[in-house]
Amino acid sequence: MTATVIDGKAFAAKVRGQVAEHVARLKEVHGITPGLAVVLVGEDPASQVYVRSKGKMTVEVGMASFEHRLAIDTSEADLLKVVHDLNNDPAVHGILVQLPLPDHLDSDLVINAIDPAKDVDGFHISNVGLLGTGQKSMVPCTPLGSLMMLRDHLGSLSGKSAVVIGRSNIVGKPMAQLLLNDSCTVTIAHSRTADLPSVVRQADIVVAAVGRPQMVQGDWIKPGATVIDVGINRIDAGTKDDGSPKTRLVGDCDYDSCAAVAGAITPVPGGVGPMTIACLLANTVTACCRANGLAEPEGLTA
Ligand SMILES: Nc1nc2c(c(=O)[nH]1)N[C@@H](CN(C=O)c1ccc(C(=O)N[C@@H](CCC(=O)O)C(=O)O)cc1)CN2
Ligand SMILES: [Mg+2]
């Protein structure tokens, strides 16, 4: 079997197109421009790339983008003041604090200071609790994007057996919750799970979010299963012509061996990653509609 490649780049472009249509309607009919504020502390190179990309795509879909770049030694009090001001800014419907934060800052404290209605990352404890009890919430972007791709590829997920490898608050746990809400039978596995290959082999749906490059092997995959690879790992790839080190991105799955067995698989890059930013934009429109008592965009929420 050779797996169908689930094209996250194309899917994300489609989602951004839908978001742009909603934004245009909000502007024309209601005179409202959704606004997204992104806060970056420090100069982590990957975070800078993601924040730049978020700002660019926010503007491309017609929304207002507010960027707050703070020095690496910003105090917790100063960061909390920025969050507080954004909570009270009526032009801002979504707030995102780029992670990871520098070590001296308490991520939980900062995230829980965001107004839950503007928490477009879905990381605030109120949103975690709402998702966990099946109530309307803001849903974390990477799991939401993964769910959209699964629904698009498989249709109903009801009754399917799903294994989520990874138990992080931002991917593994909310992903498991979303799959459960869609009536999957869900197992959360992780790096310490006994006989992980046998556990994964039971699954119709595998979501790999363990943060270990190419860990999941093809012989762990049930033939025909759908594999969502959330991992983004940069590994050595020899040297360039000038002798400098070369790197490449790989997922948590060993792509070639998994693709030989799976029914469908997301590539890295070009799979889940692009969906993360598309879902961030979708969440911002959702937050804006909710704040204004308007109907939410269909198909862009969980
Ligand atoms: N506050 C948040 N912080 C972080 C999140 C998040 O959702 N909220 N997720 C990640 C980083 N991230 C967005 O912030 C992100 C990561 C990767 C991609 C992406 O499109 N990746 C590409 C490859 C990019 C490359 O070449 O390096 C892909 O997979 O195709 C988008 C967003 C941690 N922090
Ligand atoms: Mg910290």
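Parameters at a glance
Residues numbered from 1 in each chain as written. Chains lettered and ligands numbered in written order. Predicted model: local features only at pLDDT ≥ 70, side-chain atom pairs only at ≥ 80, totals over all residues. Helix = DSSP H or I, 4+ residues; strand = E, 2+ residues; numbered from the N terminus. Rg over C-alpha atoms; globule rule 2.2 N^0.38 Å. Buried ≥ 20, exposed ≤ 12 C-beta atoms within 10 Å, placed from the backbone. Contact = placed C-beta atoms within 7 Å. UniProt positions renumbered as here; feature names shortened; annotations may be inferred. Domains from an automatic or database assignment. Near = placed C-beta within 6 Å. Expected span 1.5 Å × (residues − 1). Pairing = 2+ DSSP bridges. pLDDT = per-residue confidence, 0-100.

**Here's the deal with the overall build of the protein chain**
- Summing up its helical and strand segments, the protein chain has 10 helices and 11 strands in all.
- At 19 Å, the protein chain has a C-alpha radius of gyration in line with the 19 Å of a compact globule built from 302 residues.
- For the protein chain, the spread of C-alpha atoms along the principal axes amounts to about 50 × 50 × 35 Å.
- Residues classed as buried in the protein chain amount to 45% of the 302 residues present.
- Long-range pairs, those at least 24 residues apart, make up 67% of the contacts in the protein chain between residues at least 6 apart in sequence.

**Digging into the UniProt feature "domain: Tetrahydrofolate dehydrogenase/cyclohydrolase NAD(P)-binding" (unreviewed entry) in the protein chain**
- What UniProt calls "domain: Tetrahydrofolate dehydrogenase/cyclohydrolase NAD(P)-binding" (unreviewed entry) maps, in this numbering, to residues 140-290.
- Annotation note: span residues 140-290, helix share 35%, strand share 22%, distance between end C-alpha atoms 17 Å.

**So, the domain arrangement of the protein chain**
- You can read the domains of the protein chain as domain 1 (31-115) and domain 2 (141-273).
- Its C-alpha centre places domain 1 at a distance of 28 Å from the equivalent point of domain 2.

**Notes on the UniProt feature "domain: Tetrahydrofolate dehydrogenase/cyclohydrolase catalytic" (unreviewed entry) in the protein chain**
- When the UniProt feature table is mapped to this numbering, "domain: Tetrahydrofolate dehydrogenase/cyclohydrolase catalytic" (unreviewed entry) covers residues 6-121.
- Between the end C-alpha atoms of residues 6-121 there is a gap of 24 Å, over a span that is 48% helix and 16% strand.

**Side note on the environment of Ile95**
- The residue Ile95 is located in strand S4 (residues 94-97) in this model.
- On the basis of neighbour counts, which here come to 29 C-beta atoms within 10 Å, the residue Ile95 falls in the buried class.
- Remark: the alpha-carbon pair of Ile95 and Val206, spanning 111 residues in sequence, is separated by 31 Å.

**Quick word on the site of ligand 1**
- Around ligand 1, the structure places 17 residues, and the nearest of them are Tyr50, Leu99, Pro269, Gly273 and Thr276.
- Looking at which element gives the most residues to the shell around ligand 1, the answer is helix H10 (residues 272-291), with four residues.
- Structurally, the shell around ligand 1 is a two-domain feature, drawing no fewer than three residues from each of domain 1 (31-115) and domain 2 (141-273).

**Observations regarding helix H1 (residues 8-30)**
- Look at H1: 32 Å from first C-alpha to last across 23 residues, which is about the 33 Å you get at 1.5 Å a residue.
- Where H1 is concerned, the buried positions are Gly8, Phe11, Ala12, Val15, Val19, His22, Val23 and Leu26.
- On its buried side, H1 packs onto helix H6 (141-154) and H10.
- Note on H1: the residue one or two positions beyond its end, Gly31, has a positive phi of about 65°.

**Looking at the pairing of strand S9 (residues 233-239)**
- For S9, the buried fraction is low: zero of the seven residues fall into the buried class.
- Examined bridge by bridge, S9 and strand S10 (residues 245-250) share five bridges and lie antiparallel to one another. When the sheet's bridge partners are listed, Arg234 is paired in S10 with Leu249.

**Notes on the confidence of the model for the protein chain**
- Within the protein chain, residue pLDDT values average 97, and 100% of them lie at 70 or more.
- Scoring of the predicted complex yields 0.97 for pTM and 0.95 for ipTM.

**A look at helix H7 (residues 172-181)**
- Most of H7 sits inside the fold, with eight of its 10 residues counted as buried.
- Looking at H7, one finds that the buried residues are Gly172, Lys173, Pro174, Met175, Ala176, Gln177, Leu178 and Leu179.
- Following H7 by one or two positions, Ser183 has its phi on the positive side, about 65°.

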